[in-house]
Structures are given as C-alpha cells and as structure tokens.
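Observations on chain architecture
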Amino acid sequence: DAGVTQSPTHLIKTRGQQVTLRCSPKSGHDTVSWYQQALGQGPQFIFQYYEEEERQRGNFPDRFSGHQFPNYSSELNVNALLLGDSALYLCASSLLRRGYTFGSGTRLTVV
Amino acid sequence: GIQVEQSPPDLILQEGANSTLRCNFSDSVNNLQWFHQNPWGQLINLFYIPSGTKQNGRLSATTVATERYSLLYISSSQTTDSGVYFCAVGGGGSNYKLTFGKGTLLTVNP
C-alpha cells in the first residue's frame with residue numbers, strides 16, 4: 001500500500017521564479033493538505049483540498065495556490081519566489097480526519 | 001487558534017534509558033497525533049490518539065483530553081530513536097488543520 005508520494009525531492013529555484021510541487025495521497029485517502037516547515041520549526045499549515053476545492057487556508061499569501069485533481073492528487077504552486085520561501089514542503093493526506101499521513105517532503109531552496 | 005506546547009525542548013539519553021515527552025494544548029481537540037521526524041525530514045506517524053492509551057512496541061502514548069495533555073513514553077531507547085518528536089492537534093467543525101508544537105529534539109547516545 002503506497003504511502004504519500006511527493007515530487008521532486010529537492011529543488012533549487014531563483015528568486016522571482018515560479019515552482020510547482022506535486023503530491024499523490026495514500027491509497028483510499030481523499031483529502032490533501034500542504035505544510036511548510038522552516039529549518040528548526042514545526043510545520044505550518046498552508047491549505048487543505050477536498051473534493052477539488054480549497055477547504056481551509058492558513059496564513060499564507062496569495063502567491064501560494066493549489067489544485068486537487070479528480071484522482072485526489074494535488075499540486076502546490078508558489079509564484080514570485082522569495083528567499084524566505086526556502087523550506088521543506090510537506091504534503092499530508094487523510095480520510096475523514098482520522099489521522100494524517102505525511103510524505104517525505106520537497107526541499108525547496110531559493111537563491 | 002489552538003496553542004500547543006511541548007516539553008522538554010531537548011533531551012539527551014543513553015541507550016537503554018526511558019523517557020517521557022509531554023504535549024499540552026489549549027482547547028478541546030478531535031485529533032491528536034505524535035510524529036517522529038527523521039534526519040531526512042520525513043514525518044512518521046507514531047500514534048493517532050485524541051484520547052485514551054495506545055502502545056506500539058517500545059512506544060506508548062496517553063492523552064487525557066479533559067485535562068488537555070498527552071504523553072509519549074519511549075522505553076529502552078535506541079540510537080535510531082533520535083530525531084525530533086512532534087505533537088500535532090486538530091480542532092473540530094470547520095477547522096481541519098493540524099497545529100504542531102515546536103517539537104522535542106531527542107538524542108540517544110550509544
């Protein structure tokens with residue numbers, strides 16, 4: 001049973017560029033959430049997608065956007081990258097809030 | 001929003017020792033999970049435990065929801081237990097997000 005799969009694992013981008021991160025949820029899960037984890041901090045909630053709609057959003061600017069596809073997979077897009085966007089981006093999936101399963105993350109470095 | 005406090009922030013043990021990690025939260029929750037983050041960044045789910053007690057091998061956890069705290073016990077620690085342990089809680093209603101504590105950095109020395 002595959003867990004949560006994220007791609008790519010590492011990414012280096014230049015300030016001002018745009019990036020797309022991808023996530024495939026655990027089999028049987030229908031909800032996908034995205035988190036940002038800065039070095040030495042706990043993960044911070046970006047947003048959650050359910051039934052292809054953004055259901056809840058954290059305190060992140062509109063530069064952060066997402067999408068969920070009919071097969072429940074999801075993308076996180078970040079526009080106009082800033083140095084401060086450098087972080088580990090984690091995707092989590094769940095079914096009916098009964099526990100979240102996290103992927104291995106995408107480590108984004110903005111230079 | 002819900003506040004989550006974990007203690008201690010750092011813990012250094014010798015292999016074979018036991019430890020207790022604590023998580024306090026400020027409001028009622030319908031989801032509480034303990035995670036272990038390995039050196040490569042992956043968050044591994046240890047327990048989904050909004051209330052009650054669970055055990056999995058050398059690890060066990062207890063959540064007393066009415067008193068708003070949870071404990072994670074690690075017995076006979078091993079070097080592979082090293083890493084950061086996070087407590088994360090979720091509210092109810094239209095609040096679906098997990099709020100994480102700052103974590104406990106555990107170092108187990110051989």
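Now for a description of the structure that goes with this document. For clarity, every value in this text was computed on a predicted model and none was experimentally measured. (Residues numbered from 1 in each chain as written. Chains lettered and ligands numbered in written order. Predicted model: local features only at pLDDT ≥ 70, side-chain atom pairs only at ≥ 80, totals over all residues. Heavy atoms only, no water.)

Regarding the overall build of chain B
Of the regular secondary structure elements, chain B holds zero helices and 11 strands. Reading chain B from its N terminus to its C terminus gives the helix and strand order β-β-β-β-β-β-β-β-β-β-β. Taken over C-alpha atoms, the radius of gyration comes to 13 Å for chain B, in line with the 13 Å a tight globule of 110 residues would show. Seen along its three principal axes, the alpha-carbon backbone of chain B occupies a region of about 45 × 25 × 20 Å. Taking all 110 residues of chain B together, the buried fraction comes to 49%. Counting contacts in chain B only where the partners sit at least 6 residues apart, residues at least 24 apart contribute 55% of the total. Total accessible area on chain B stands at roughly 5,200 Å², and carbon and sulfur atoms take up 48% of it. A gap of 7 Å separates the mean positions of the 6 positive and 6 negative side-chain charges of chain B. (Helix = DSSP H or I, 4+ residues; strand = E, 2+ residues; numbered from the N terminus. Rg over C-alpha atoms; globule rule 2.2 N^0.38 Å. Buried < 20%, exposed > 50% of the residue type's maximum accessible area, 1.4 Å probe, protein only. Contact = heavy atoms within 4.5 Å. Areas by Shrake-Rupley, 256 points an atom, 1.4 Å probe, with all protein chains shown as cover. Lys, Arg positive; Asp, Glu negative; His and termini not counted. Charge placed at Lys NZ, Arg CZ, Asp CG, Glu CD.)

Structural notes on the sheet that holds strand 8 (residues 69–74) of chain B
Residue and element names in this part refer to chain B. Spatial strand order, 1-3-8-7-6: five strands in an open sheet with antiparallel pairing. Strands at the two margins of the open sheet, each flanked by one partner only, are strand 1 (4–7) and strand 6 (52–56). Between one strand axis and the next, the sheet turns through 15° on average, direction left out of account. Of the strand pairs in this sheet, strand 6 and strand 7 (residues 59–64) are connected by five bridges, and their pairing is antiparallel. (Pairing = 2+ DSSP bridges. Axes fitted to C-alpha atoms, helices over the stretch in contact; angles between N-to-C directions.)

As for the packing of aromatic side chains
Given two aromatic rings, their pairing is described by the distance between the two centres and the angle made by the two planes. Within the structure shown, the criterion is met by nine aromatic pairs over all chains. Seen from their ring centres, A:Tyr35 and B:Phe100 are 5.8 Å apart, and the 75° between their planes marks the pair as edge-to-face. With one member in each of two chains, A:Tyr35 in strand 4 (residues 31–37) and B:Phe100 in strand 10 (residues 98–100) form a pair that bridges those chains. Comparing A:Tyr35 with B:Phe100, the two get one shared label, buried. Both rings, one in A:Phe47 and one in A:Tyr49, keep their centres 5.3 Å apart while their planes meet at 85°; by these two values the pair is edge-to-face. Accessibility expressed as a relative area gives 6% for A:Tyr49, which makes it buried. An aromatic cluster of three or more residues is present, and its members are A:Tyr35, A:Phe45, A:Phe102, B:Phe35, B:Phe86 and B:Phe100. The residue whose ring lies beneath A:Arg55 is A:Tyr50, and the NZ or CZ to ring-centre distance is 4.3 Å. Between the NZ or CZ atom of B:Arg22 and the centre of the ring of B:Tyr69, over which it lies, the distance is 4.2 Å. (Phe/Tyr/Trp six-rings, centres within 6.5 Å; stacked < 30°, edge-to-face > 60°. Lys NZ or Arg CZ within 6 Å of the ring centre and 35° of its normal.)

Side note on the pairing of strand 7 (residues 64–68) of chain A
All names here are of chain A. Across the two faces of strand 7 the burial differs, with Phe64, Gly66 and Gln68 buried and Ser65 and His67 not buried at all. Here strand 7 runs beside strand 8 (residues 74–78); their pairing, made up of five bridges, is antiparallel. Residue pairing across strands places Ser65 opposite Asn77, the latter belonging to strand 8.

With respect to the pattern of salt bridges
Residues and elements named next belong to chain A. Under the criterion given, the structure shown has four salt bridges over all chains. Across the pair Arg22 and Glu75 runs a salt bridge whose closest N-O atoms are separated by 3.4 Å. Highlighted residues: Arg22 in strand 3 (residues 19–24) and Glu75 in strand 8, separated in sequence by 53 residues. Take Glu75: its relative accessible area is 18%, and that puts it in the buried class. A salt bridge links Arg63 to Asp85; its shortest N-O distance comes to 2.8 Å. Residue Arg63 is located in the loop between strand 6 (53–57) and strand 7, and its partner Asp85 is located in the loop between strand 8 and strand 9 (87–94); the two are separated by 22 residues in the primary sequence. Judged by relative accessible area, which is 4%, Asp85 ranks as buried. (Salt bridge = Lys/Arg side-chain N within 4 Å of Asp/Glu carboxyl O.)

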